[in-house]
Amino acid sequence: RVLPTTKERYCFTIWIDGENLNSPTDSELRITQQDISDLNVLSEKLRQSSSQRLLARSVYREQFEISLRDCMQESSDLNLLLDQHMSHLQAVKKNQTLYQLIEVLRQYLEQKLE
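Reading the values: the criteria
- Residues numbered from 1 in each chain as written.
- Predicted model: local features only at pLDDT ≥ 70, side-chain atom pairs only at ≥ 80, totals over all residues.
- Heavy atoms only, no water.
- Helix = DSSP H or I, 4+ residues; strand = E, 2+ residues; numbered from the N terminus.
- Buried < 20%, exposed > 50% of the residue type's maximum accessible area, 1.4 Å probe, protein only.
- Contact = heavy atoms within 4.5 Å.
- Areas by Shrake-Rupley, 256 points an atom, 1.4 Å probe, with all protein chains shown as cover.
- Expected span 1.5 Å × (residues − 1).
- Arc of directions from axis to C-beta.
- Core = buried A, V, L, I, M, F, W, Y, C linked by side-chain atoms within 4.5 Å.
- 1 Å grid on protein atoms, 1.4 Å probe; cavity = no way out; pocket = protein on both sides within 12 Å on 5 of 7 lines; lining within 4 Å.
- Points joined across faces, edges and corners; volume = space filled by probe spheres on them.
- Salt bridge = Lys/Arg side-chain N within 4 Å of Asp/Glu carboxyl O.
- Polar contact = N/O pair within 3.5 Å; in protein donor to acceptor, adjacent residues only side chain to side chain.

Describing the overall build of the protein chain
- On a plain count of helices and strands, the protein chain comes out with seven helices and zero strands.
- Put simply, the protein chain runs from its N terminus to its C terminus through helices and strands in the order α-α-α-α-α-α-α.
- Looking at the protein chain residue by residue over its 114 residues, the buried ones come to 18%.
- Restricting to contacts in the protein chain with at least 6 residues of sequence separation, those with at least 24 account for 63%.
- For the protein chain, the exposed area adds up to about 9,200 Å²; of that, 50% sits on carbon and sulfur atoms.

So this is what it looks like as structure tokens:
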């Protein structure tokens, strides 16, 4: 399932394993003051970066929860996964700078979807 969308589309996931994946430069969030001053530039930079994985769960938190519920509704593990999701969100909130960035990105996304 892929949310949000205004057009029909399909999604599939491919997991790639290798020695040169998820290096520190892949998973570190590097943003300059200039990036923050222009959210269009920042959005494009994040879209092309693997560091977007660090932000997606928080930026799309409601959609993530809906997808968990839809996918795992028959599973006894649903509550465990929801608890893990909430724990992740709470951990992100403890990092004030990161949380502020996420809230700015959420507002930007809302404006883009209007």
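Section: helix H7 (residues 96-113)
- For H7, built from 18 residues, the straight-helix expectation of 26 Å at 1.5 Å per residue is met to within 8% by its first-to-last C-alpha distance of 26 Å.
- Along H7, the positions that sit buried rather than exposed are Leu 101, Ile 102, Leu 105, Arg 106, Tyr 108 and Leu 109. On an axial view of H7, the arc spanned by its buried residues comes to 165 degrees, and they lie on one face. Every exposed residue of H7 that faces more than 90 degrees away from the buried side is listed here: Gln 96 and Gln 111.
- Against helix H3 (39-47), helix H4 (52-59), helix H5 (61-72) and helix H6 (78-94) lie the buried residues of H7.

Side note on the nonpolar core
- The biggest cluster of nonpolar side chains holds nine residues, and these are Leu 42, Leu 46, Leu 55, Val 59, Val 92, Leu 101, Ile 102, Leu 105 and Leu 109.
- Here this core gets four residues from one element, more than from any other, and that element is H7.
- Residues within four places of Leu 101 in sequence aside, it is in contact with Leu 29, Ile 31 and Leu 42.

Observations regarding the layout of surface pockets
- For the second largest pocket, the calculated volume is near 460 Å³.
- Forming the walls of the second largest pocket are 15 residues, and the residues nearest its centre are Ser 43, Arg 47, Val 59, Tyr 60 and Leu 109.
- Of all the secondary-structure elements, those providing two or more residues to the lining of the second largest pocket are H3, H4 and H7.

Some points on the pattern of salt bridges
- For the structure shown, the criterion picks out seven salt bridges.
- Residue Glu 44 is joined to Arg 47 by a salt bridge in which the shortest nitrogen-to-oxygen separation is 2.6 Å. Here Arg 47 and Glu 44 lie together in helix H3, a separation of three residues that amounts to about one turn.
- Glu 65 is the salt-bridge partner of Arg 69, the closest N and O atoms lying 3.0 Å from each other. Residue Arg 69 and its partner Glu 65 are both found in helix H5; the two are separated by four residues, about one turn of the helix.
- Residue classification places Glu 65 among the partly exposed residues on the basis of a relative accessible area of 25%.

Structural notes on the side chain of His 85
- Examined against the element boundaries, His 85 turns out to sit in helix H6.
- Polar contacts involving the side chain of His 85 include one to the main-chain carbonyl oxygen of Arg 61, which spans 3.3 Å.
- Residues in contact with His 85, not counting those within four places in the same chain, are Arg 57, Arg 61, Phe 64, Glu 65 and Leu 68.

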